[in-house]
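Now for the letters of each chain:
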Amino acid sequence: MFGWKGSILRVNLTTKTFQKESFSEAFAQKWVGGRGFAVKTLWDELKPNIDPLGPENKFIVALGPISGIPAPNTGKAVVAAKSPITGGYGDGNIGTKVAEHLRRAGYDAMIVEGKASSPLYLYIKDDTVEFLPADAMWGKGTYFANDWIYAKYGKKVGVLNIGQAGENMALYAVVRSLEGRAGGRTGMGAVMGSKLLKAIVVEGTGDLAAANPDDMQQTGREDLKVVREMDKEQGWTIQSTNAVLGWLNEVAALPVHNFRKTSHPDAWKIDGERLNEARIATYGCPNCTMHCGIAIRDHEGREAEMDYENIGLLGSNLGIFELDQIGSLNYLCDDYGLDTMSAGGTLAFYADAIEHGLVAGDFRFGDAEEAKRLLDVAARREGEIGNMLADGSLRMARKLGGNSEEYAMQVKGLEVAAYNCKFIPGMALAFGTSPIGAHHKEAWVISYELKQTVRESYGREKAEKVVELQRIRGGLFEMLVSCRFPWIELGWELENYPKYFNLATGLTWTLDDFWKASDRIYALMKFFWVREIPSWDRTRDYPPLAWFDKTNADTEGPIAGLALDMDKYNQLLDHYYDIRGWDKRGIPTRKTAESLGLDDEIKEVEKFTVLA
Ligand code: PTT
Ligand code: SF4
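Since the structure is predicted, the reported quantities are computational estimates derived from the model, not experimental observations.

Trainee: Tell me about the pattern of salt bridges, and please be specific about residues and values.
Mentor: Side chains bearing opposite charge may pair, as long as their charged atoms lie close to each other. As enumerated under the stated definition, the model contains 52 salt bridges in all. E203 is paired through a salt bridge with K156; the nearest N and O atoms lie 3.7 Å apart. Here E203, found in strand β12 (residues 197–203), pairs with K156, found in the loop between α4 (142–153) and β9 (158–161); they are 47 residues apart in sequence, far enough to count as distant. Among the ionic pairs, E369 bridges to K372, the shortest N-O distance being 3.0 Å. Taken together, the residues span about one helical turn, with E369 and K372 both in helix α14 (residues 368–380) at a distance of three residues.

Trainee: Please give an account of the coordination of the magnesium atom of ligand 1 that cites residues and values.
Mentor: Coordination of the magnesium atom of ligand 1 by the protein involves N93 (O) and A182 (O), with metal-donor separations of 2.6 to 2.7 Å. Here A182 lies in strand β11 (residues 182–183) and N93 lies in strand β5 (residues 89–95), a separation of 89 residues in the sequence. Using a relative accessible area of 39% as the deciding quantity, one classes A182 as partly exposed.

Trainee: Hey, could you go over the sheet that holds strand β4 (residues 76–82) for me, with residue numbers and the actual values?
Mentor: Pairing is mixed in the open sheet, where six strands are placed in the order β2-β1-β6-β3-β4-β5. On the outer flanks of this sheet lie β2 (17–22) and β5, each paired with one strand and no other. With strand direction ignored, the average angle separating the axes of adjacent strands in the sheet is 20 degrees. Where strand β3 (residues 59–62) lies against β4, three bridges are found, and the strand directions are antiparallel. Directly across from V61, in β4, lies its bridge partner V79.

Trainee: Just give me the short version of the sheet that holds strand β13 (residues 279–283), but keep the residues and values in it.
Mentor: Taken together, three strands build an open sheet; the order of strands is β13-β14-β15 and the sheet is antiparallel. Two strands lie at the open edges of the sheet, namely β13 and β15 (303–306), each paired on one side alone. Taking the axes of each pair of neighbouring strands and ignoring which way they run, one obtains an average angle of 35 degrees across the sheet. As judged from the four bridges shared by strand β14 (residues 293–297) and β15, these two strands associate in the antiparallel manner. Bridge pairing in β15 places I294 opposite M306. Sheet strands touched by helix α12 (residues 323–336): β14 and β15. Its angle to β15, the strand with the most contacts, is close to 90 degrees.

Trainee: Lay out the packing of α12 against α14 in plain terms, naming residues and giving numbers.
Mentor: For the pair α12 and α14, interaxial distance at closest approach is 10 Å and the crossing angle is 5 degrees. The angle between α12 and α14 places the two elements in the roughly parallel class. Here Q325, S328, L329, L332, C333 and Y336 of α12 lie close against α14, whose contacting residues are A368, E369, A371, K372, L375, D376, A379 and R380.

Trainee: Got a sec to walk through the site of ligand 1? Specific residues and values, please.
Mentor: Neighbouring ligand 1 are 31 residues; N93, A182, D334, D339 and E478 lie closest to it. The side chain of T340 places a nitrogen or oxygen atom 3.1 Å from a nitrogen atom of ligand 1. Between ligand 1 and R484, the relevant distance is 3.2 Å, taken from an oxygen atom to a side-chain nitrogen or oxygen of the residue. Among the elements that line the shell around ligand 1, the one with the most residues is β5, at four residues.

Trainee: Mind laying out the side chain of S67, listing which residues take part and the relevant values?
Mentor: Structurally, S67 can be placed in the loop between β3 and β4. Among the residues examined, S67 registers a relative accessible area of 0% and is labelled buried. A distance of 3.3 Å separates the side chain of S67 from the backbone nitrogen of V481, its partner in a polar contact. Aside from chain neighbours lying at most four places away, what touches S67 is T74, K76, A99, R103, L480 and V481.

Trainee: How would you sum up α12? Please name residues and give values.
Mentor: When the terminal C-alpha atoms of α12 are compared, their 20 Å separation across 14 residues agrees well with the 20 Å that a helix rising 1.5 Å per residue should span. Of all 14 residues in α12, 13 are buried; the element is thus mostly enclosed. Positioned one or two residues after α12, G337 has a phi angle of 75 degrees, which is positive.

Trainee: I'd like a rundown of the side chain of N12, residues and numbers included.
Mentor: Here N12 shows up in strand β1 (residues 7–12). A polar contact is formed between the side chain of N12 and the backbone nitrogen of T15, at a distance of 3.0 Å. Ignoring anything within four residues of it in the chain, the contact list for N12 reads T17, E113, G114 and F131.

Trainee: Describe the packing of aromatic side chains, naming the residues involved and giving the relevant values.
Mentor: In the structure shown here, the tally under the stated rule is 28 aromatic pairs. On the numbers, 5.6 Å between centres and 85 degrees between planes, the contact of W492 with Y497 is edge-to-face. Given a relative accessible area of 1%, Y497 falls into the buried group. When the centroid spacing of 6.0 Å and the interplanar angle of 65 degrees are considered together, the rings of Y576 and Y577 count as edge-to-face. This pair shows no difference in class: Y576 is buried, exactly as Y577 is. Counting every residue linked through ring pairs, the aromatic cluster contains W4, F501, W509 and F514. R260 extends its terminal NZ or CZ atom over the ring of Y407, reaching a point 4.7 Å from the ring centre. The cationic tip of K451 hangs over the ring face of W247; the distance from NZ or CZ to the ring centre is 4.6 Å.

Trainee: Describe the pairing of strand β6 (residues 109–113), naming the residues involved and giving the relevant values.
Mentor: Counting buried positions over the five residues of β6 gives five, a clear majority of the element. Because side chains alternate across β6, one face comprises the buried residues A109, I111 and E113, and the other comprises M110 and V112, equally buried. Two elements, β1 and β6, share five bridges in a ladder whose sense is parallel. Bridge pairing in β6 places V11 opposite V112. Across four bridges, β3 lies against β6 in antiparallel orientation. Counterpart to F59 in the pairing with β6 is V112.

Trainee: Kindly report on the packing of helix α15 (residues 383–390) against helix α16 (residues 392–400), identifying the contributing residues and their values.
Mentor: The contact between α15 and α16 brings their axes to 7 Å, and the two run at 130 degrees. The angle between α15 and α16 places the two elements in the oblique class. Note on element contacts: α16 touches α15 through G392, M396, K399 and L400, opposite M388, L389 and A390. Looking at the contact of α15 with α16 residue by residue, the class counts come to five nonpolar, one polar and one charged.

Trainee: Tell me about the nonpolar core, residues and numbers included.
Mentor: General note: in soluble globular proteins, nonpolar side chains tend to be found buried as a group. Counting residues in each nonpolar core, the largest one holds 176 residues, and the members touching the most others are Y89, F431, I446 and L476. Excluding residues within four positions of it along the chain, Y89 makes contact with R35, A38, V39, L42, V78, A80, A81, P435, I436, M525 and F528. Judged by nonpolar contacts, the second largest core, of 33 residues, contains I124, V129, V175 and M192.

Trainee: Run through the environment of S434, naming residues and quoting values.
Mentor: Inspection of the secondary structure assignment puts S434 in the loop between α17 (425–433) and α18 (446–452). A relative accessible area of 0% places S434 in the buried class.

Cut-off values and rules
Residues numbered from 1 in each chain as written. Chains lettered and ligands numbered in written order. Predicted model: local features only at pLDDT ≥ 70, side-chain atom pairs only at ≥ 80, totals over all residues. Heavy atoms only, no water. Salt bridge = Lys/Arg side-chain N within 4 Å of Asp/Glu carboxyl O. Helix = DSSP H or I, 4+ residues; strand = E, 2+ residues; numbered from the N terminus. Donors = N, O, S within 2.8 Å, 3.2 Å for Na, K, Ca; no water. Buried < 20%, exposed > 50% of the residue type's maximum accessible area, 1.4 Å probe, protein only. Pairing = 2+ DSSP bridges. Axes fitted to C-alpha atoms, helices over the stretch in contact; angles between N-to-C directions. Contact = heavy atoms within 4.5 Å. Parallel < 35°, antiparallel > 145°, perpendicular 65-115°, else oblique. Near = heavy atom within 4 Å. Polar contact = N/O pair within 3.5 Å; in protein donor to acceptor, adjacent residues only side chain to side chain. Expected span 1.5 Å × (residues − 1). Phe/Tyr/Trp six-rings, centres within 6.5 Å; stacked < 30°, edge-to-face > 60°. Lys NZ or Arg CZ within 6 Å of the ring centre and 35° of its normal. Nonpolar A, V, L, I, M, F, W, Y, C, P; charged D, E, K, R; others polar. Core = buried A, V, L, I, M, F, W, Y, C linked by side-chain atoms within 4.5 Å.

Next up, the structure:
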């Protein structure tokens with residue numbers, strides 16, 4: 001077999017043992033890699049209803065056949081586990097040298113199981129795994145841990161680590177890597193913390209097992225130049241992801257004050273132009289020529305890396321319009337290892353609940369200093385407020401009661417990304433149907449919806465677009481595993497991806513083969529949910545109810561007086577299920593599952609529900 005190393009590293013923290021396990025080519029071709037390997041492994045190896053923060057959960061790092069190869073933007077890895085914040089399958093995508101090193105060490109994935117008896121970190125060098133005490137790093141932030149690891153191993157190694165938020169099992173704790181990146185907003189850092197696993201350090205020296213290594217090198221070198229030139233021409237990295245902020249403000253889609261408002265007169269102060277002006281450094285992932293991480297000097301004088309999601313949710317959504325203060329909040333999230341997006345969403349919910357008199361507290365929209373203090377108590381789970389904040393907005397709403405669950409801006413427990421869909425039906429569908437909660441990574445349909453179709457339409461074409469994008473973004477890129485930005489931001493042709501896959505594996509796949517594999521993993525992610533919640537119904541694929549509430553509608557601007565319509569949303573959801581071959585509950589039918597080759601999985605899921 002080419003393209004895949006054919007091996008998985010299994011590490012048990014309880015017994016401090018490890019083994020190399022092989023998988024067949026049939027498995028590789030069915031599940032491809034990354035998210036495909038992760039969801040299949042978790043489905044096969046986890047019992048339903050285990051505690052995501054207990055030793056039974058497994059933490060997976062999964063790569064694909066093109067991860068780490070010398071071609072555009074391949075320095076990415078999937079981190080996955082049963083999610084502590086949603087309770088379903090959870091994962092995230094992180095830029096890291098681990099992508100290349102783990103494959104060079106001989107593995108396509110690693111599975112970490114059990115729980116250590118005291119804090120430790122793993123050092124993986126080719127065939128060996130060392131279990132080493134993490135006392136010097138435990139209790140410290142990710143910047144300290146990074147420096148400590150660098151000092152010991154040098155900067156060439158690949159690293160994944162957690163901060164205090166992961167150690168204290170804040171439910172939206174992320175994993176961080178040395179390149180200033182963060183991933184696994186579904187609580188993957190908390191899963192590492194629950195296992196007392198502070199860091200994974202990887203050094204691999206073998207080859208990448210390609211079928212056509214010379215062709216791949218040559219093509220990769222040429223394409224890196226092509227992508228660099230495209231970026232120079234288009235100037236995307238001037239503002240990077242934050243280029244959308246000004247536009248979202250104009251079209252009434254910016255999250256402001258816990259998504260209550262959709263635009264703000266001060267939004268220009270934190271837009272892409274201002275961010276570029278404040279830039280002091282640029283960060284990126286390995287094998288990338290379009291580095292998208294813009295760093296600025298934060299309010300305390302530190303270097304803080306910023307992305308649009310972070311600015312939208314720690315900035316406008318909290319009523320904070322000073323870039324340096326948002327930088328400080330971003331820096332703290334990075335150091336504690338908290339997901340910026342859920343942190344922003346949860347703090348905004350808290351401010352909203354205080355405004356509604358549901359809970360006592362001093363936090364007000366716009367108060368950056370108090371927000372900093374709250375991030376600290378959340379990451380440390382200090383006191384009642386710290387514990388509530390660390391559990392995210394849905395659990396907080398359930399504790400506070402009243403009608404607060406309606407304005408907890410989340411889906412399946414995960415806070416909504418920075419797109420305010422008060423009146424954007426297709427993007428609301430994308431959030432509702434995202435299998436890991438309200439993440440924009442699965443189908444960022446908003447640009448198509450507002451630029452190429454009619455905003456108020458609930459037509460089938462929108463459901464078709466959501467499925468199409470989920471296949472590409474949540475399927476192709478998460479299986480291969482590679483960054484989607486050359487395609488989505490620069491328009492680098494999608495056909496390039498089967499090209500690299502085929503150079504790596506020696507196969508002759510077309511994009512259609514990837515769509516089928518993608519549908520298979522979406523079906524399995526849904527089966528995972530159903531096994532956890534046999535009473536699964538379509539309401540779990542709804543976006544936040546606040547978007548349907550006319551009393552919450554804008555009073556001025558392009559969508560004044562408008563809200564989503566529940567009956568029409570249900571029709572749109574029906575279209576979505578129909579296109580996917582799922583029943584009205586949102587569960588793949590037997591026929592669909594059979595056509596995807598999920599015969600074993602059907603037997604298992606039918607212990608919990610009857611398939612239509
Ligand atoms: C991703 C989510 C995002 S998505 C952002 S900003 W974005 C936030 N970044 C955080 C951060 O920073 N620090 C922190 N403490 N928490 C953070 N939480 C948020 O995490 C990221 C880029 C970006 S920047 C995006 S869109 C693209 N995402 C990709 C993806 O999902 N898949 C893929 N194949 N390619 C992608 N390319 C782009 O990668 P999660 P990263 Mg991230 C500091 O993982 O859980 O999906 O959450 O990975 O390496 O930082 O790159 O405007
Ligand atoms: Fe990483 Fe950004 Fe480059 Fe993608 S575009 S590989 S997220 S630096």
